[in-house]
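Structure assessment
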Amino acid sequence: MAAAAAAGPRRGRLGREARASLAAFLLGASVAALPVALGSPSALLVAPGLRGRLALALHVAGVNAALLLLYPRPLYKIAVRACFLGFAFGCGLLLSTGRSAWRHFGWYMCSLSLFHYSEYLVTAINNPRSLSLDSFLLNHSFEYNLAALSSWVEFTLEKILFPELKQITWLSTVGLLMVIFGDCLRKAAMLTAGSNFNHIVQNEKSDTHTLVTSGVYGWFRHPSYVGWFYWSIGTQVLLCNPICVVGYALASWRFFRERIEEEEITLIHFFGEEYLEYKRKVPSGLPFIKGVKVEL
């Protein structure tokens, strides 16, 4: 549940799943060091040549072999996903530091891969009992994957047809700042909510659940949703995708309006007047979304 409820003890030492995922993420991200070895820092991804392609293929094969040797199958499933995200992050760094027209797409790759990996890592630290492969959110929904694919298609087509549109650095910088703000706010909400945070709305109240109104929950009732909302729109501002900016804003707003109403029914059931008082004092944080209406 991503709302303002938390349970008792919430943090322990870094478990083996978290350690394996972190090691695998860093191993995948080590692709960013390949240009140093090859002596071609700017051309590895944009114009790799035979030598660059061979280096990338050997890196992927070598890392995967290492994961197979290091981890039993349950941990390997975690590690290979974290490694994939790390590899995407490393490739994003390579594009970001180059002078190609794909520089801003590199920012996007770093933002997207870090968002998904940190969802898993924070869950592993915060609420290991709810941890699963789904905590990466890589299979969030068909609609989510379709939205991501649509943004890549729009970026590519507009880069071919209107290349100057993808070189508005100040606009991409604004988008990057939105992404950083949104992701930091969401992770702050997850850490504040503690072990009660769950990617799935919970319908049963534990005896240890308490209503959290401090920290970022003193700013907004649903800070994790606020963060995700602005993060998602920010990714499209970063890419200078005018169509997807509008599409993401409308789709995200509708999704979170329905999700907040569903969740607040549960929270009112859990906490009664205590939550209603909190709801009267603190806004949802999302524009034109007031949450579930309560009949007096």
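Reference entry: report on the structure contained in this document. Everything numeric here is computed off the predicted structure, so don't read it as measured data.

Summing up its helical and strand segments, the protein chain has 10 helices and two strands in all. Taken from the N to the C terminus, the helices and strands of the protein chain come in the order β-α-α-α-α-α-α-α-β-α-α-α. Taking all 296 residues of the protein chain together, the buried fraction comes to 49%. The contacts of the protein chain with a sequence gap of at least 6 include a subset with a gap of at least 24, amounting to 79%. Looking at the protein chain as shown, the accessible area adds up to about 15000 Å², and 67% of this sits on carbon and sulfur atoms.

Moving on, we get to unusual backbone geometry. Positive phi values are uncommon outside glycine, yet Leu137 reaches one of about 60 degrees. Structurally, the position occupied by Leu137 is in the loop between helix H5 (103-126) and helix H6 (142-161). Residues other than glycine seldom take positive phi values, yet Cys240 does so here, at roughly 55 degrees. Tracing the sequence through the fold places Cys240 in the loop between helix H8 (223-238) and helix H9 (242-271).

The rules we used
Residues numbered from 1 in each chain as written. Predicted model: local features only at pLDDT ≥ 70, side-chain atom pairs only at ≥ 80, totals over all residues. Heavy atoms only, no water. Helix = DSSP H or I, 4+ residues; strand = E, 2+ residues; numbered from the N terminus. Buried < 20%, exposed > 50% of the residue type's maximum accessible area, 1.4 Å probe, protein only. Contact = heavy atoms within 4.5 Å. Areas by Shrake-Rupley, 256 points an atom, 1.4 Å probe, with all protein chains shown as cover.

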